[in-house]
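Per-entry structural report
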Amino acid sequence: MRVDGLSWRPHGRTRPVLPGIDLDIPAGQRLLLVAASGSGKSTLLRALAGVLETTGSGDLTGQVTIGDRPPGERAGRVGLVLQEPGAGLVGASVGRDVAFGLENVALPREQMPGRVAAALHAVGLGGLPLDTPTSALSGGQTQRLALAGALALEPDLLLLDEPTAMLDPDSAAEVRAAVDQVAGARGLTTVIVEHRLQQWLPQVDRLVVLDEQGRVSHDGPPEEVLARHGDELAAAGIWVPGVPAPEPMALPSEALGAG
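Sequence order sets the numbering: in each chain, residues are counted from 1 along the sequence as written. It should be noted that, the model being predicted, local features are given only for residues of pLDDT at least 70 and side-chain atom pairs only at 80 or more, the latter also being counted only at that level, while totals for whole chains, interfaces and linings use all residues. Side-chain descriptors were evaluated using all non-hydrogen atoms of the structure, hydrogens and water having been removed beforehand.

Comments concerning the layout of surface pockets
Taken as a whole, the largest pocket encloses approximately 770 Å³ of empty space. Detection works on a 1 Å grid of protein atoms alone, calling trapped sets that fit a 1.4 Å probe cavities and calling open sets with protein on both sides within 12 Å along at least five of seven lines pockets, with lining residues defined by an atom within 4 Å of a point. Lining the largest pocket are 32 residues, and of these V78, L80, G149, A150 and L153 sit closest to its centre. Strands are runs of DSSP state E lasting at least 2 residues, helices are runs of H or I lasting at least 4, and numbering of each runs from the N terminus. Mapped onto the lining of the largest pocket, the elements with two or more residues apiece are α2 (52-55), β5 (78-81), α3 (94-104) and α5 (139-151). Residue polarity follows a fixed list, in which Ala, Val, Leu, Ile, Met, Phe, Trp, Tyr, Cys and Pro are nonpolar, Asp, Glu, Lys and Arg are charged, and the others, Gly among them, are polar. Here the residues of the lining of the largest pocket sort into 18 nonpolar, ten polar and four charged. Considered as a void within the structure, the second largest pocket measures approximately 320 Å³ in volume. What lines the second largest pocket is a set of 18 residues, among which R176, E194, R196, L197 and Q199 lie closest to the centre. The residue inventory of the lining of the second largest pocket, partitioned by class, reads nine nonpolar, four polar and five charged. Grid points are joined across faces, edges and corners, and a volume is the space filled by probe spheres set on the points.

Set out below in structure tokens:
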């Protein structure tokens, strides 16, 4: 995947969120993308998915390509999993939910059961009956189901936008283990957006940091970036191993409605 001069300025803003990003992501690489809140991480992820202009309005310049083609040219080429469990659910049952994307790309019906079963097995949900209501799943199971729905389309690129942010520690560990197993087994190019780094570091090859203006400020092997810039990242609100956790920002009493 290549990102060349990517810039995005939402309508109504004078300054771009992404001011000309350049990135080269080799096939099979696992990249951890970090930045302070509001620095453009999720915006960049949506640009990589090819859906930026469908989720917002603004001025887009530059380009994103997978191979030599735009990411949105083939449906299902990019899998995107969001942070809120249930945000991507579309089916009332486990089987229907995973099959939804396959129906939308017009996969022949006879191929669907095998794809659905393989995707559920890959994320550790193979033991669930296909008619299990999605409303009965835990948060961790729901995130793994969303991952299964993306994997069923056999994407070239997997994008994860803080996929464990709203989960308890055990559920978060289940999701990380599923991502690790699937990315390794399929050789998936993977980009993970996260604030809490420690648990993801064993799974990634590269750490990319965006500054407050949305520019790439640091890029390299995770251990090198953290050794040189760990204190700086912690000061920006990122949970860095070996550095005290960021302190919540103090708000004036009037901002809380006190009077």
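Comments concerning the environment of A99
Tracing the backbone shows A99 in helix α3. Residue classification places A99 among the buried positions, given a relative accessible area of 9%. The sequence separation of A99 and H218 amounts to 119 residues, and the corresponding C-alpha distance is 39 Å. Buried, partly exposed and exposed residues are distinguished by accessible area as a fraction of the type maximum, computed with a 1.4 Å probe on protein chains only: under 20%, between the cut-offs, and over 50%, respectively.

Regarding the packing of α3 against helix α4 (residues 112-122)
Relative orientation and spacing of two packed helices are given, respectively, by the angle between their axes and the distance between those axes. Lines fitted to C-alpha atoms define the axes here, with helix axes fitted over just the stretch in contact, and angles between the N-to-C directions of these axes take values from 0 to 180 degrees. At a minimum axis separation of 10 Å, α3 and α4 run at an interaxial angle of 120°. On the basis of the axis angle, α3 is oblique to α4. Of the two possible hands of crossing, α3 and α4 adopt the one that is right-handed. On α4, the residues touching V94, G95, V98, A99, L102 and E103 of α3 are M112, R115, V116, A119 and L120. Taken together, the residues of the contact of α3 with α4 break down into eight nonpolar, one polar and two charged. Any angle between 65 and 115 degrees counts as roughly perpendicular, while under 35 counts as roughly parallel, over 145 as roughly antiparallel, and the rest as oblique. For any pair of crossing helices, the crossing counts as left-handed if the nearer helix is rotated counterclockwise from the farther one by less than a right angle, and right-handed if it is rotated clockwise. The contact rule is simple, with two residues in contact once any of their heavy atoms fall within 4.5 Å.

Some remarks on the pattern of salt bridges
The working definition used for a salt bridge is a side-chain nitrogen of Lys or Arg within 4 Å of a carboxyl oxygen of Asp or Glu. Under the defined criterion, the tally for this structure stands at eleven salt bridges. Among the salt bridges present, the one from R46 reaches D161, with a minimum N-O distance of 3.3 Å. In this pair, R46 sits in helix α1 (residues 41-49) while D161 sits in strand β6 (residues 157-161), placing the two residues 115 residues apart along the sequence. Here R115 makes a salt bridge to E154, at a shortest N to O gap of 3.3 Å. Here R115, found in helix α4, pairs with E154, found in the loop between α5 and β6; they are 39 residues apart in sequence, far enough to count as distant. The class for E154 is partly exposed, based on a relative accessible area of 45%. When salt bridges that share partners are traced, they join R2, D4 and D24 into one network.

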